[in-house]
Amino acid sequence: MRPAPTTFIGRLRHLGPGFILSAAIVGSGELIATTALGAKAGFITFWVILVSCLVKVALQIEFGKNAIYTGLPTMQSLNQLPGWRIRTTHWTIWVWLSLQGLKLLQVGGIVGGVALVLNMALPVLSVTWWAILSALVTALLIYRGNYGWIEKGTLLMIIGFTALILLSLLLLQWTPYAISGEDIGTGLTFSLPPATVGVALAAFGITGVGGDEIMYYNYWCIEKGYATYTGPRVTSPASEASAWAERARGWIRVMTVDALFSMVVYTTVTAAFYLLGASLLHEQGRIPEGYAMVETLSRLMTTTLGPGAKVVFLIGAFFVLYSTLFTATASWARIFGDAFGQLGWVRFDDPAIRKRTLSILSCVFPAIWCLLFLGIKLPVLMILLGGLATSVLLLVVVWAAFVFRYRQLPAELTPSRWYDAWFWLSVLSILGVSAYGISQLL
């Protein structure tokens, strides 16, 4: 146990879980869906992207707080929630497990996206062989990878894709497609013409942190050491209880800075993709579907900036997609191992068994994702089906976060009214979008 740093610079030295989360968030949704939304709506709904990325972070922070004051990863926390159970396992875990078939398809689509981008850049190998190599390399990288290696790997990819995408956006300013201050101002007027309501709601659902990433965040907060440094909760004597509360509040502040930094990263990259779509494609009325977006954008950038621009854009696109595959492998191994432990299938609390389980799952999942892509070969459809599961998971996350905040949070860690307002803005926004989506389906 140790006290948390009290200076801003000291807190920056303990960032890390948010890096992994940012790499997981910035994937096919930002590269394909966000760019397509910009192409459809133009600059007018730019503000929706920014608001979407901002409000959802409150749920992520609530999950991170739960990890710090309980020391429990996500599935163990869910299994302690009140409510209906099947045998000894809470219903939220069964709901999560029932949706994982669609989530397998989604990450299989990401494998296909990585393979397609690599084939566009280096057509010496077919898409099939690039998919196999991508899955194999990812399994080897994660197989023995502890937290430190995963954090460093994701940090390098974040630096790579952020720099390259921002460079693409900057170079655009020396072309006829340059973005003006007036364009940005149009996107920040908080207006929403009736014709763009559907597009705006879709943008809100796609961008920012999702249910999966919020559930993963606990594992990275624990492995970074936030919970260990805080120590188990003490209620007496008063001096030790006060010391525990001070440590908990300190490490929650560090975790909050980590979450906000990750928000800045994925908001920046998401906004860049949106602006690329709005500037390059909207006025031309060109709205390609799926991975055709990558080829269309690369061709447009080649036309406007020269042959070298395609290389820059494809490298950025690779980092965006592969970072999701890399972090998904590490995250899936942890959350499934934890879930299997709560179902009684493995002894996840045994360090040796836990390590072996993580190693096995780190190899099994990339193989399954690759086989699904090679069997179906419809990466965009696979990702969209996984997106449906993500929407349902976000509702489970909302309910769990509500219980964490109002039933489990120790009184000495009660947040400010400003935080609660932010929390409820997040909850009501998600519920509102979900209600609209259900009404459209009906």
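Structure's up top.
On a predicted model such as this, the values are computed, not experimentally measured, just so you know.

**Considerations on the overall build of the protein chain**
When helices and strands are tallied, the protein chain shows 20 helices and 2 strands. Reported as C-alpha extents along the three principal axes, the dimensions of the protein chain are approximately 70 × 50 × 45 Å. In the protein chain, buried positions account for 56% of the 442 residues. For the protein chain, contacts bridging at least 24 residues in sequence account for 83% of all contacts bridging at least 6. Summed over its atoms, the accessible surface of the protein chain is roughly 18,400 Å², and 68% of this surface lies on carbon and sulfur atoms.

**Regarding the packing of helix H8 (residues 100-121) against helix H9 (residues 127-143)**
Between H8 and H9, whose axes approach to 8 Å, the crossing angle comes to 120°. Regarding the angle of H8 to H9, the classification is oblique. Here H8 and H9 pass one another in a crossing that is right-handed. Seen from H8, the contacting residues are Val111, Val114, Ala115, Leu116, Leu118 and Asn119; seen from H9, they are Val127, Trp130, Ala131 and Ser134. Here the contact of H8 with H9 is composed, by residue class, of 8 nonpolar, 2 polar and no charged.

**Quick word on the packing of H9 against helix H18 (residues 351-376)**
Their axes nearest at 8 Å, the elements H9 and H18 cross at an angle of 170°. Between H9 and H18, the crossing angle belongs to the class labelled roughly antiparallel. Taking contact as the criterion, the partners of Val127, Thr128, Ala131, Ile132, Ala135, Ala139, Ile142 and Tyr143 in H9 are, on H18, Ser359, Ser362, Cys363, Pro366, Cys370, Phe373 and Leu374. A breakdown of the residues in the contact of H9 with H18 according to their chemical character gives 12 nonpolar, 3 polar and no charged.

**Quick notes on the side chain of threonine 138**
Positionally, threonine 138 belongs in helix H9. When its relative accessible area of 0% is taken as the criterion, threonine 138 is described as buried. Residues contacting threonine 138, with those up to four places away along its chain left out, are Tyr322, Leu325, Phe326 and Thr329.

**Overview of the packing of aromatic side chains**
The description of two aromatic rings rests on the distance between their centres and on the angle between their planes. Under the counting rule described, the total for this entry stands at 25 aromatic pairs. Here tryptophan 96 and phenylalanine 336 contribute two aromatic rings whose centre-to-centre distance is 4.7 Å and whose plane-to-plane angle is 55°, an arrangement assigned as tilted. One end of the pair, tryptophan 96, is in helix H7 (residues 91-98); the other, phenylalanine 336, is in helix H17 (residues 307-342), and 240 residues separate them in sequence. Judged by its relative accessible area of 3%, tryptophan 96 falls in the buried class.

**Brief notes about the pattern of salt bridges**
Applying the stated criterion across every chain, the model contains 9 salt bridges. Arginine 249 is the partner of glutamate 246 in a salt bridge, and the nearest nitrogen-oxygen pair spans 3.2 Å. Linking glutamate 246 with arginine 249, this pair stays in helix H15 (residues 238-280), spanning 3 residues, or about one helical turn. Beyond isolated ion pairs, a larger network of salt bridges with shared partners links Glu223, Arg334 and Arg354.

**Focus: a nonpolar patch on the surface**
Together, Leu395, Phe402, Tyr406, Trp424, Leu428 and Leu431 make up an exposed nonpolar region whose accessible area comes to about 520 Å². Those elements that provide at least two residues to the nonpolar patch are helix H19 (379-408) and helix H20 (417-441). Within the secondary structure, leucine 431 is located in helix H20. You can call leucine 431 partly exposed: its relative accessible area is 40%.

**Considerations on the nonpolar core**
Counting 132 residues, the largest nonpolar core has Leu31, Leu59, Met75, Met215, Trp332 and Trp369 as the members making the most contacts within it. Sorting elements by how many residues they give to this core places H15 first, with 19 residues. Setting aside its immediate chain neighbours within four residues, leucine 59 contacts Ile214, Val397, Val398, Ala401, Phe423, Ser426, Val427 and Ile430.

**Looking at unusual backbone geometry**
Proline 237 follows serine 236 through a cis peptide bond whose omega is -5°. By secondary structure assignment, the location of proline 237 is in the loop between helix H14 (226-230) and H15.

**Quick word on H7**
For H7, the set of buried residues is Thr92, Ile93 and Trp96. Down the axis of H7, the smallest arc covering the buried residues is 100°, so these residues share one side.

**Examining the side chain of serine 134**
Examined against the element boundaries, serine 134 turns out to sit in helix H9. Within polar-contact distance, the side chain of serine 134 engages the backbone oxygen of tryptophan 130 at 2.7 Å. What serine 134 contacts, discounting residues up to four positions off in sequence, is Val114, Leu118, Tyr322 and Leu325.

**Quick word on the state of the cysteines**
Here the structure, examined in full by the defined rule, presents 0 disulfides. Cysteine 221 supplies the cysteine sulfur nearest to cysteine 53, a cysteine that is in no disulfide, at a spacing of 19 Å. Note on cysteine 370: no disulfide assigned, nearest cysteine sulfur contributed by cysteine 363 at a separation of 13 Å.

**A word on the environment of proline 3**
Within the secondary structure, proline 3 sits in the segment before helix H1 (8-12). Considering only alpha carbons, one finds proline 3 and leucine 31, 28 residues apart in sequence, at a separation of 40 Å. Sequence-distant contacts of proline 3, defined by excluding residues within four places in its chain, comprise Arg247 and Trp251.

**Quick look at the environment of glycine 112**
Topologically, glycine 112 is positioned in helix H8. The buried category is assigned to glycine 112, whose relative accessible area is 0%.

Conventions we followed
Residues numbered from 1 in each chain as written. Predicted model: local features only at pLDDT ≥ 70, side-chain atom pairs only at ≥ 80, totals over all residues. Heavy atoms only, no water. Helix = DSSP H or I, 4+ residues; strand = E, 2+ residues; numbered from the N terminus. Buried < 20%, exposed > 50% of the residue type's maximum accessible area, 1.4 Å probe, protein only. Contact = heavy atoms within 4.5 Å. Areas by Shrake-Rupley, 256 points an atom, 1.4 Å probe, with all protein chains shown as cover. Axes fitted to C-alpha atoms, helices over the stretch in contact; angles between N-to-C directions. Parallel < 35°, antiparallel > 145°, perpendicular 65-115°, else oblique. Left-handed = near helix turned anticlockwise from the far one by under 90°. Nonpolar A, V, L, I, M, F, W, Y, C, P; charged D, E, K, R; others polar. Phe/Tyr/Trp six-rings, centres within 6.5 Å; stacked < 30°, edge-to-face > 60°. Salt bridge = Lys/Arg side-chain N within 4 Å of Asp/Glu carboxyl O. Patch = residues over 30% accessible without salt bridge, like charges linked within 9 Å, V, L, I, M, F, W, Y side chains within 5 Å. Core = buried A, V, L, I, M, F, W, Y, C linked by side-chain atoms within 4.5 Å. Arc of directions from axis to C-beta. Polar contact = N/O pair within 3.5 Å; in protein donor to acceptor, adjacent residues only side chain to side chain. Disulfide = S-S within 2.5 Å.

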